[in-house]
Structures are given as structure tokens and as C-alpha cells.
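Close look at the chain arrangement
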Amino acid sequence: MTAETDTTPSTGSCCSPTGSCHDAAADVQIGQADSVTTVYQVKGMTCGHCEGAVSEEISGIAGVTSVAAVAATGLVTVTSKAPLAEDAVRVAVDEAGYELLGPAA
């Protein structure tokens, strides 16, 4: 057993069990304060391979920091340093073999 599993954080402490003053969620929010997140609707994705192909192509757009594609819903969430030109996203999705319907409603 390690000290980490033996030690229970005290009630009311702002620190996590690892001794950090911030949990992972807070760190993510701070790191993405200057980012833009846009959700797009993509037609034709049916599986994990589709998700990977779309994600890979969109990741190649300058300024994109993360992409999460979900075939079951057809939604692709893109986080970037600045707003992206929809034409650039459309070209990337077309290159992957799918159809960009536009921003999700």
C-alpha cells in the first residue's frame, strides 16, 4: 500500500490527495480559457474508423488543439486557438470522405 492510498484528505481541504491545489478539471478549464469550441454536424460517420478519419483531417487545420468525433450522433467537437473558417473544416471533412452539414444546432 502506498502513502497516497493510506492518507485520506481532510474535510474542507482545497488540495487533492496528490497534494495539488487544483484538480484536473480546474487545470483543463484554465488551460482552455483562450480557446474556441465549435460543434459540427457531419454526415456519413458510422464507426470508430470514421471518427478517426474525420478527427485526423480536422486536426491538421492550423490552430486546432483537439477534436472529438462521435459517429453515433454525427457530432464533431473542435477546440481551436481561434475561430475556424467553416470552409477549412469542410475541406478537411470532405478529404476524410464525409459531408459537413455545418455547425450543430
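Residues numbered from 1 in each chain as written. Predicted model: local features only at pLDDT ≥ 70, side-chain atom pairs only at ≥ 80, totals over all residues. Heavy atoms only, no water.

Moving on to the overall build of the protein chain. When you go through the protein chain residue by residue, the secondary structure sums to four helices and four strands. For the protein chain, the N- to C-terminal ordering of α and β elements is α-α-β-α-β-β-α-β. Buried residues in the protein chain amount to 24% of all 105 residues. Long-range pairs, those at least 24 residues apart, make up 59% of the contacts in the protein chain between residues at least 6 apart in sequence. Total accessible area computed for the protein chain in this model is approximately 6700 Å², and 55% of it derives from carbon and sulfur atoms. (Helix = DSSP H or I, 4+ residues; strand = E, 2+ residues; numbered from the N terminus. Buried < 20%, exposed > 50% of the residue type's maximum accessible area, 1.4 Å probe, protein only. Contact = heavy atoms within 4.5 Å. Areas by Shrake-Rupley, 256 points an atom, 1.4 Å probe, with all protein chains shown as cover.)

Within the largest apolar cluster, 20 residues are counted, with the highest numbers of intra-cluster contacts made by Met 45, Val 54, Ile 58, Val 76, Val 93 and Tyr 98. Elements that contribute at least two residues to this core include exactly β1 (36-43), α3 (48-59), β2 (64-70), β3 (75-80) and α4 (86-96). Sequence-distant contacts of Met 45, that is, excluding residues within four places in its chain, are made with Cys 50, Glu 51, Val 54, Ala 69, Val 70, Ala 71, Gly 74, Leu 75, Val 76 and Tyr 98. (Core = buried A, V, L, I, M, F, W, Y, C linked by side-chain atoms within 4.5 Å.)

Quick look at the confidence of the model for the protein chain now. Confidence in the prediction for the protein chain averages 79 pLDDT; 69% of positions are at 70 or higher. Residue range residues 1-31 is modelled with pLDDT below 50. Its contacts to residues more than four positions away, or to other chains, number nine contacts. (pLDDT = per-residue confidence, 0-100.)

Take the pairing of β3 next. As defined by bridge partners, β1 adjoins β3 across six bridges and the pair is classed as antiparallel. Opposite Gln 41, over in β3, you have Leu 75 as the bridge partner. Relative to β3, β2 runs antiparallel, the two being bridged by six bridges. Note that in β3 the partner of Ser 66 across the bridge is Thr 79. (Pairing = 2+ DSSP bridges.)

The next subject is the pattern of salt bridges. Applying the stated criterion across every chain, the model contains one salt bridge. Close ionic contact of Arg 90 with Glu 86 constitutes a salt bridge, the shortest N to O distance being 2.8 Å. Remark: Glu 86 and Arg 90 occur in helix α4; sequence separation between them is four residues, near one turn of the helix. A relative accessible area of 27% means that Arg 90 is categorised as partly exposed. (Salt bridge = Lys/Arg side-chain N within 4 Å of Asp/Glu carboxyl O.)

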